[in-house]
2 protein chains.
Amino acid sequence: MDEFSRISYWTSNQQDEKLLKRNAVKVAIGDDAAIVAGAVSEDGSSKDFELLYTVDTMVEDIHFTSTTMTYAQIGYKALASNLSDIAAMGGVPLHALIAISVPGHVSAQQAKQLYDGIYECANTFGVAIVGGDTTSSPHNLVVTITVVGQVEAGTAILRSGAKFRDMLVITGVAGKSAAGLHLLMHPELEQEISPELSAQLKRAHQLPKPHLAQARLLRESGVCHSLNDVSDGLASEAGEIALASKVDVIIEETKLPISDSLSRYAALSHCSALDWMLYGGEDYILIGTIASQHYKELKRSFQQLGMQLYEIGYVEAGTGEVWLEGSSWQSQHGQSPKTQRKRIERKGYNHFT
Amino acid sequence: MDEFSRISYWTSNQQDEKLLKRNAVKVAIGDDAAIVAGAVSEDGSSKDFELLYTVDTMVEDIHFTSTTMTYAQIGYKALASNLSDIAAMGGVPLHALIAISVPGHVSAQQAKQLYDGIYECANTFGVAIVGGDTTSSPHNLVVTITVVGQVEAGTAILRSGAKFRDMLVITGVAGKSAAGLHLLMHPELEQEISPELSAQLKRAHQLPKPHLAQARLLRESGVCHSLNDVSDGLASEAGEIALASKVDVIIEETKLPISDSLSRYAALSHCSALDWMLYGGEDYILIGTIASQHYKELKRSFQQLGMQLYEIGYVEAGTGEVWLEGSSWQSQHGQSPKTQRKRIERKGYNHFT
């Protein structure tokens, strides 16, 4: 059983629909965040807003090691990944609760650095830390963060809204976090690249920025039909949109944006930049689908604010598959570029495989 | 550094007051739950309500072992302890998010039982499970639950409201959970007691009930000035009220309610029922202070609903100390009962000592 089947096995048919309705639940388990009718403010009306809830756990030796991340970076990234889930709904994060289980090998000073990293991220994105729980742990450091956000009622962007003929877009370059992790695990390659390139790739892995401003722009545009954040690689995230929307999603390989740093480091390390993009994850950029006629206008709005939007594919009628349409591997078989595509696995970072 | 000092070291002066105010935070870190101006409903006004947030982590071999608790009980109790924090604010719990980190030795079926226990508690108390995160864990099972609740604006009961001459009350018998744990760890004593007594004590440890109805009654009465739930023993919880309210709290030993089951098992096992009451914890009853002239009337309201309220002491001017005023140890020294008291440690279940 993979992670998705397990969660379904554990949570299906456990609660009465009436209980969920009575507690104003609009969307429960299954998207980036839950949606609840309600509002945070001292004198607003709760009919104008909805609350967004999300939780993420990072476990030492599963999601991070203290050899590739400082404690401050672990803290920063733990909160950033949660804020990214709020971004993936088009919302604004407001509050966070921090639960940490601290093993004996982590000193009070290191735990302080972890908190400093969490607060750096919180203060950068205007999020109030309102509570938490601290326990000891027999072996591994475990950091669980819950974030509550808000969105204008009825405007949260789900995974399930992708439409036939939508354009597939992303808000940044994918794969850099995976390249950064590779570099951190192969320090001998460090001397073969410039300090700037090294710093850029490592920063992508250690201090990813949640795309909250990009998310707001997509939501306000009114033309973004589905949205997900890239925590598990483009293949997995596009697959979640395809499955939830009951469509097929086609990624056009030639359109995938690749940075100089990524292609140079991939060549040097004899790795596939495409694999990092499709299966690497932890980039925390956004992937979504938009009404294609609005792409140029939307891209201009992004550029005016110093942000990027890239077309990387399109949506077809289908049954939840993701296809890679490419050129680099077409020539090997001498087939027509127009019809050449291959189905790609919805694999990504699955904690149970 | 104890747990309290560490949390302060990690979280003090990390955020601007303006940021907290902008995000409608009324009470952040330091009470049973955080308070935020806002409301959950489809058409309410957020000025009438406040949101309550709380999070609690349970770690295998720290908070529980799979030899003294079934997986269903672990799940039930993990949620119950969170609901108890909402009760300790006088609120109503609405939503929960479940983060679990599952080690290899826990089977998919055992994880399902854990979830069944969580849902049993959720459905009993009308709480909607709206999201979660599931990861693997290298060693220990870790369960972190976040609960969001609601309370009428301005009426949440804090630890800091105890007043000079208040009466100290509790809503149930303390110490039974500790006695139950003792029995679970000494199965050889089982044959010396009745099956009913055994079941009662074990249930107190394994399936504690959060006192949500009692909390609502205390809040609605308008005469409850401070409130805490007993997760760490009466001494520690009374100490938190004393410290937060800048008063001294006096527990009168002769007034502490003790059940037949507790006194019988304490005698049999040669343990101190008083120690279990003061330092045992995990009873999830409530301890608070009320305007003493309303005690009789309030006790009657409790009894009419089949619930208990016990006077166990009083509040004096002071500096945050807890005193035990007693009789059993007075006779040993031949001193006058009227002036005899001893200061008791604010010890309880502290995860770092």
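All of these numbers come straight from a predicted model, not from anything done at the bench.

**With respect to the pattern of salt bridges**
Then step 1. In this structure the tally under the stated criterion is 26 salt bridges over all chains.
Then step 2. A:Glu152 serves as the salt-bridge partner of A:Arg216, at 3.1 Å between the closest nitrogen and oxygen. Taken together, the residues span a long stretch of sequence, with A:Arg216 in helix α7 (residues 212–221) and A:Glu152 in strand β6 (residues 142–152) at a distance of 64 residues.
Then step 3. Between B:Lys112 and B:Asp116 there is a salt bridge, with the nearest N and O atoms lying 3.0 Å from each other. With B:Lys112 and B:Asp116 both in helix α4 (residues 108–124) and four residues apart, this pair spans about one turn of that helix.
Then step 4. Under the relative-accessibility criterion, B:Asp116 is labelled partly exposed at 30%.

**Quick word on the environment of B:Tyr265**
Residue and element names in this part refer to chain B.
Then step 1. Residue position: Tyr265 is located in helix α9 (residues 260–269).
Then step 2. Take Tyr265: its relative accessible area is 0%, and that puts it in the buried class.
Then step 3. The spatial distance from the C-alpha of Tyr265 to the C-alpha of Ile100 is 35 Å, given a sequence separation of 165 residues.

**A few points about the domain arrangement of chain A**
Residues and elements named next belong to chain A.
Then step 1. Looking at the assigned domains, one finds that chain A contains domain 1 (3–152) and domain 2 (159–343).
Then step 2. Opposite the 24 residues of domain 1 that make contact, domain 2 presents 23 residues.
Then step 3. Together, the buried faces of domain 1 and domain 2 total about 2,100 Å²; carbon and sulfur atoms form 56% of this surface.
Then step 4. Seen at the junction of domain 1 and domain 2, the total is five salt bridges.
Then step 5. A salt bridge links Arg219 to Glu152; the shortest N-O distance between them is 3.2 Å.
Then step 6. For the pair domain 1 and domain 2, the number of links is 11 residue pairs in polar contact (both at pLDDT 80 or more).
Then step 7. When contributions to the side of domain 1 that touches domain 2 are tallied by element, the ones reaching two or more residues are α3 (71–87), β4 (92–103) and β6.
Then step 8. Among the elements that line the side of domain 1 that touches domain 2, the one with the most residues is α3, at nine residues.
Then step 9. Each residue belonging to the side of domain 1 that touches domain 2 can be placed in one class, and the counts come to 11 nonpolar, eight polar and five charged.

Rules behind the numbers
- Residues numbered from 1 in each chain as written.
- Chains lettered and ligands numbered in written order.
- Predicted model: local features only at pLDDT ≥ 70, side-chain atom pairs only at ≥ 80, totals over all residues.
- Heavy atoms only, no water.
- Salt bridge = Lys/Arg side-chain N within 4 Å of Asp/Glu carboxyl O.
- Helix = DSSP H or I, 4+ residues; strand = E, 2+ residues; numbered from the N terminus.
- Buried < 20%, exposed > 50% of the residue type's maximum accessible area, 1.4 Å probe, protein only.
- Domains from an automatic or database assignment.
- Contact = heavy atoms within 4.5 Å.
- Buried area = accessible area lost by both parts, 1.4 Å probe.
- Polar contact = N/O pair within 3.5 Å; in protein donor to acceptor, adjacent residues only side chain to side chain.
- Nonpolar A, V, L, I, M, F, W, Y, C, P; charged D, E, K, R; others polar.

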